[in-house]
Structures are given as structure tokens and as C-alpha cells.
Protein chains: 2
Amino acid sequence: MLWYKENNSGTAQSTRIRLARNIRNTPFPQKLDDNEKRELTEKIKNAVMNGNSALAKNFSYIGMNEISENEKLILCEKHLISREMAASRNGGVITDKDENISIMIMEEDHIRIQIIKSGLCLDEAYGIADKVDDVINESLGYAYDEEFGYLTSCPTNTGTGMRASVMLHLPALVMTGRIDSIINSANQLGITVRGLYGEGSKGAGALYQFSNRVTLGAGETEICGKLGSIVNQIIDKEKAAREYIGKEMPNSLDDVVWRSYGILKYARSISSDEAKKLLSDVKLGIDMGIINVSGINTAELSVITEPGFIMSSAGNISPAERDRKRSEIIREALNK
Amino acid sequence: MLWYKENNSGTAQSTRIRLARNIRNTPFPQKLDDNEKRELTEKIKNAVMNGNSALAKNFSYIGMNEISENEKLILCEKHLISREMAASRNGGVITDKDENISIMIMEEDHIRIQIIKSGLCLDEAYGIADKVDDVINESLGYAYDEEFGYLTSCPTNTGTGMRASVMLHLPALVMTGRIDSIINSANQLGITVRGLYGEGSKGAGALYQFSNRVTLGAGETEICGKLGSIVNQIIDKEKAAREYIGKEMPNSLDDVVWRSYGILKYARSISSDEAKKLLSDVKLGIDMGIINVSGINTAELSVITEPGFIMSSAGNISPAERDRKRSEIIREALNK
């Protein structure tokens, strides 16, 4: 199931594993011209798509030169490709039916295997990534050094080539002003904290991505174990912060939650950032039992009201028109 | 019917006529000691209550020393007595069953006759005031000078002793920022503009009271005619401003209206000022046909969620508790 379709009541919205890989004896993408990129993309695509593994039959390929800018935007909004990949006309992405697996070809590295799933499931996600990794390695052969591990275009990824990350919903830590000290502590423990859309993006809707900074000098299981342990500590801190605000400021808390619900239910224009903030409040209210509304998947509503999704049905409309359309989609979902 | 019980869809929320009167050959209230005030109050009360006019049988008297502070507050919130009267333990007020008529005894003047009715009805209200005035004059005899007219405690009321006022709901003039120039023009034409609770109060909920400044040198009908004509011009300007915002910014307008409705419907805590603002938006939406909700009387909701009204049923609770109770009363009304 698509990660955001699962109605997940936890603090961990999603888990992602990304492996950076390059083909043996082949220059990194930035050293290739467009023709060479095209040939190598074709080679990798065929190797993955035509592999005789059980996985391959669920795969489909989308070339970055085959789709519109808006279709690329939607792939970004689903977190299936990076913004860098979307900006390129080279390479492409292979995804499985459920869109839990995405294999970017010719991004910063020749191959980037990504697993994204709902909730906190580092070991499970790594298990899938590892299987996909083995299948591709068998047919193509990776650039690997006994001393350094997997060789990557950017040295920060060398070693395991793995970035494990968990997206956490931390509204109570934001409300109590404790989020900054949490981020600082995580940084000191070798954890990078980013906003919803990766590097440079802000924590819209109280969503923060926690990932390992170092890819070298530790095994994949060890990295996942360490990240998982820190993430669980932060989840506990969020839980404690919710207990605190539930006890110390129950009145202002339920007012915040219900106002956000009321605005989502009746507003005629909502920006993407405001929608995330309001949906975050409502999710907090649902998770804390303040508000009893069934069938509202705030993660899904947040994704399907992103600009690309909206324009895929409403056409190439202005930001103001998107804000109106967004409010309409949310109203319909809430009035179901 | 009580002025705020009538569900009035116009720009003019209510009309008020007030006549300041004093008994012949008797010092003004501020020159009387408590005993003299008590005796004179009794005399006036008996004359009015026991008069053999048709009006008298609907009258009842409330002495300021007979009721609690909260009951006085409610009379203020209904606009039946002034804040000055509420602060006093002398005198009292006679009201009729419908609370359209209130006769304050021993406020700044011996007698202040007030008529308050829903909508714009200066002539009708003056007609009633005039009748009440005649009845009282017959039995008590007013201080009246051939040259100066009715003599009053404060010289600014001398002459007709009449203050005619209309409470206008001017949200579109507020939104377009034109309200200040309207107030300036009105001032230049001899019209005093005040907020919801008279002198010194602000225009909460886009409500502004327009009244004649001068009571001398013109007859009652002339004063009412002039005020009515200016008020009608302002109503036309409000109408034009509504047409403008309806045409030029329809999207942000319906968003404002529906958001306010959503907050009123779901918030768990609303201050008195915010309630007035939100109810003003909703009334604008109803009057402009943006929002189709029947049976919501915003003027009534605004009055019955004032502190005195809330405390009359919920007891002597804190401002924060009143804000919660206010939101509850509004939610119930909107979910009917």
C-alpha cells in the first residue's frame, strides 16, 4: 500500500531507506554526457525490469523525458523521486505497484534504491532494500571497494551508501517549544534533522525527518539500530509532551484542535503550508482522543492537496486557484 | 419584542430614542442627597406605574438597590440602563414587558425615557417616546423653559433633551478601510459616532452608533429626519462597499465568512470581542447570500453571550471559563 494511504495513528509517519549505488568501472553521472547517460539508463532499466526475480514483475519504468513537469512534481510529492531528479530530463525511475519501492536511475548516483513505508519499520524497510539491492548487483555489479565500501558520487555517501530516515510528527514538542533542543541533541548524536521535503525545507505540519549522517564505519543493521533507538526516544519525548499539554493546558489544546478542524471544514481557500499546520493539529487531536472523527487520513490529505496532485485534475491553475481547490478537496473529505 | 430577538437582516441593527427630563422646581440629581433621591425616585415611580394610561399596565420597576451586580450588568448588556446607572445604588428603571421602553429614574437627570427597537425606525420610536413623555409630564410636570426648552443636568442635552441614535453594522466599510472617512464626514455633519456600548467604547463587531450631537435649535422631527437621512446615506455606502468586495474580492470574502462560521461552530473558547467579530462576519455572509444558514440571530447571540448573561446561568465564573461557556452557547445555537 502507498505509504500515505495507510491511516497511521502513530508519531512516526513514514520510514525510508535509501541506498546509493554505482555500476562498476563506469564514471559517475556528472562525468557522463547526455548520450552516455541515455545508454547507461537503458542498460540499468533493462537489467532491473527484465531480471527474473519475483520483484521485477511488479516494476514499471518512467523516463524523465517521457512525462510532464506536473507528473514529475507529483512523483516528488509522493517522495518517489528527488527534486534534483525532477529537474532533469535524463534518467528515470522504476517503481513497484505499491510505490513502496522506487529506483532512481541517473540521479547523483547511477542507482538510488529507495524503500518508503508507513510507520516506523527500519528493519523491514532495510530488508526490502537489501533484496532489491542483491537483485541489481547480480546483473550489473556495483562499484565496491574492500576498504571504503560502496563508492558514491558524493563522498558523504561512501561506505554503506545508506541513508535511513524516519518522518516524525512532533506537534506537542513544537507547542511546548522543546523541538529546538531535541533537534540539537539529535545533531550531536550524528542524526540529521530536516523538514518534510528534505534538505533546506522547513518542518511544515510539525513533520521532521531524522536520518543518519554517517554512512561509513558502521554496518547497515547497526545504523538502523542506532537511528531506531534515538527515534524511539524522541517518540517518548513527544508522548511526554502530549501528556504535559493534555494535563496543563487541556482547554487551550482542545480549542486549537477544534478551531483547526472548523477551519478545514469550512474555509474556501487554504495554502499548502496552512493545510499542513491545520491537518497536524487535527491529527494531534485524533491521536490524543480530543476529537473523534473516523476515516480522516491527514497524511493522505496533506499529500493529495499538494500543487502537483491538484493540477493533475484541475489543470495548470494559479496558486490562488489551487488554494481554493485545496480547501474544496479537504471539505469534501471531512464531510464524507 | 426585545430588540435583539428580532432577526433583522438589515444594516441597521437597532434604533434608540432617549429623552432627558427633569421635574419642575426640583434640584438635579447631583444636588440631592441619598434620602432626597430615594423620595423623588418613589414619587416618579408611583406616578409612572400608577398612571391610568394604557402603557402603565405593562410596566415594572427594578430598584438599583434591589438587584445584584450581575443583574445590573445584564440590564446594561440589553442596553436598558447605562453603565453609570448600573454603578449606582440609587434610583431604578421601569421597563415594559417587551423591553422596548426603559425609563431610568435618577440617572444624570431625574428621568430618562428610552425606546429601543430593532431596525431603522426613528419616527416610530420617537412616536412611542413622545407618548410616554406626555403621560409622565401630565402627572409630574417637567422643568421647561420657553427659550431653552427642556432643562437638563448637563447643558449639552438642553433643548429637546433628545438623543436619537441608530446602531449600524458596517463590516464592508471596515474591510475596505473606508469607515474612518465615513466617521469623519458624519462628525462634520453634527453626528456623533460611538462603539457598541456608547461613549469611549470601540466598534466591536463592526457596529457603530450614529446619533445627533446637538439637541438645541431644532425640533425632534427635524433631528430624526436629519439623522435618518445621514444614516440612509451611510447604509447606501455600506451597500456599495458590499457590492465592491463581492465583485472585486469574492474569493477572500467567502473565505473570511466561512472561516468565521467554522470557528464559531467548533472553537472551545471565544472571547467576547472575538465572538462579535466572528458573528459580524457571519451576519455579513448571511445578508450577502454567501452563507445559507437559517435561524441564526447574530445580534441575539452577541447579547446572550455577554458576561452578565453567561454568569446568570453559570454562576460567578472566571473570564477564561466564560470564554469556554460562550463557545458552548454559540456551538449549540449553530448546531440546532
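To be clear, the structure that these remarks concern was listed above.
Computed from a predicted model, the values in this text were never measured in an experiment.

## Concerning a negative patch on the surface
All names here are of chain A.
Right, on to step 1. Residues D33, D34, E36 and E39 make up a contiguous surface patch of negative charge.
Right, on to step 2. Within the secondary structure, E36 sits in helix α1 (residues 34–49).
Right, on to step 3. Taking relative accessible area as the criterion, E36 reaches 38% and is therefore assigned partly exposed.

## Description of the interface of chain B and chain A
Right, on to step 1. On the side of chain A, 16 residues touch chain B, which itself brings 16 residues to the contact.
Right, on to step 2. Taken over both partners, the interface formed by chain B and chain A buries close to 1,500 Å², and the fraction arising from carbon and sulfur atoms is 52%.
Right, on to step 3. Our count for the contact surface shared by chain B and chain A stands at four salt bridges.
Right, on to step 4. The partner of D254 of chain B in a salt bridge is R324 of chain A, and the shortest N-O contact between them spans 2.9 Å.
Right, on to step 5. If you look at where chain B meets chain A, you find 14 residue pairs in polar contact (both at pLDDT 80 or more).

## Description of the pattern of salt bridges
Right, on to step 1. With the rule as written, the count across this model stands at 38 salt bridges over all chains.
Right, on to step 2. Between E124 of chain B and K117 of chain B there is a salt bridge, with the nearest N and O atoms lying 3.6 Å from each other.
Right, on to step 3. In this structure E124 of chain B comes out as partly exposed when scored by relative accessible area, which is 45%.
Right, on to step 4. Classification of K117 of chain B as buried rests on a relative accessible area of 16%.
Right, on to step 5. Close ionic contact of D287 of chain B with K283 of chain B constitutes a salt bridge, the shortest N to O distance being 2.9 Å. Within this pair, D287 of chain B and its partner K283 of chain B are both found in helix α9 (residues 272–287), separated by four residues, close to a single helical turn.
Right, on to step 6. For D287 of chain B, a relative accessible area of 26% corresponds to the partly exposed category.
Right, on to step 7. Each of the salt bridges in this network shares a partner with another, and the network as a whole consists of E107, E108, D109 and R112 of chain A.

## Looking at the relation of the copies chain B and chain A
Right, on to step 1. In the superposition of chain B on chain A (RMSD 0.0 Å, axial shift 0.1 Å), the rotation amounts to 180°. What the superposition gives is, in effect, a two-fold axis relating one chain to the other. Ranked by how close their C-alpha atoms come to the rotation axis, the residues of chain B are headed by G262 of chain B, at 2.1 Å.
Right, on to step 2. A share of 100% of interface residues in chain B that are also interface residues in chain A marks the association as one of identical surfaces.

Reading the values: rules and limits
Residues numbered from 1 in each chain as written. Chains lettered and ligands numbered in written order. Predicted model: local features only at pLDDT ≥ 70, side-chain atom pairs only at ≥ 80, totals over all residues. Heavy atoms only, no water. Patch = residues over 30% accessible without salt bridge, like charges linked within 9 Å, V, L, I, M, F, W, Y side chains within 5 Å. Areas by Shrake-Rupley, 256 points an atom, 1.4 Å probe, with all protein chains shown as cover. Salt bridge = Lys/Arg side-chain N within 4 Å of Asp/Glu carboxyl O. Lys, Arg positive; Asp, Glu negative; His and termini not counted. Charge placed at Lys NZ, Arg CZ, Asp CG, Glu CD. Helix = DSSP H or I, 4+ residues; strand = E, 2+ residues; numbered from the N terminus. Buried < 20%, exposed > 50% of the residue type's maximum accessible area, 1.4 Å probe, protein only. Contact = heavy atoms within 4.5 Å. Buried area = accessible area lost by both parts, 1.4 Å probe. Polar contact = N/O pair within 3.5 Å; in protein donor to acceptor, adjacent residues only side chain to side chain. Least-squares fit on C-alpha atoms with pLDDT ≥ 70 in both.

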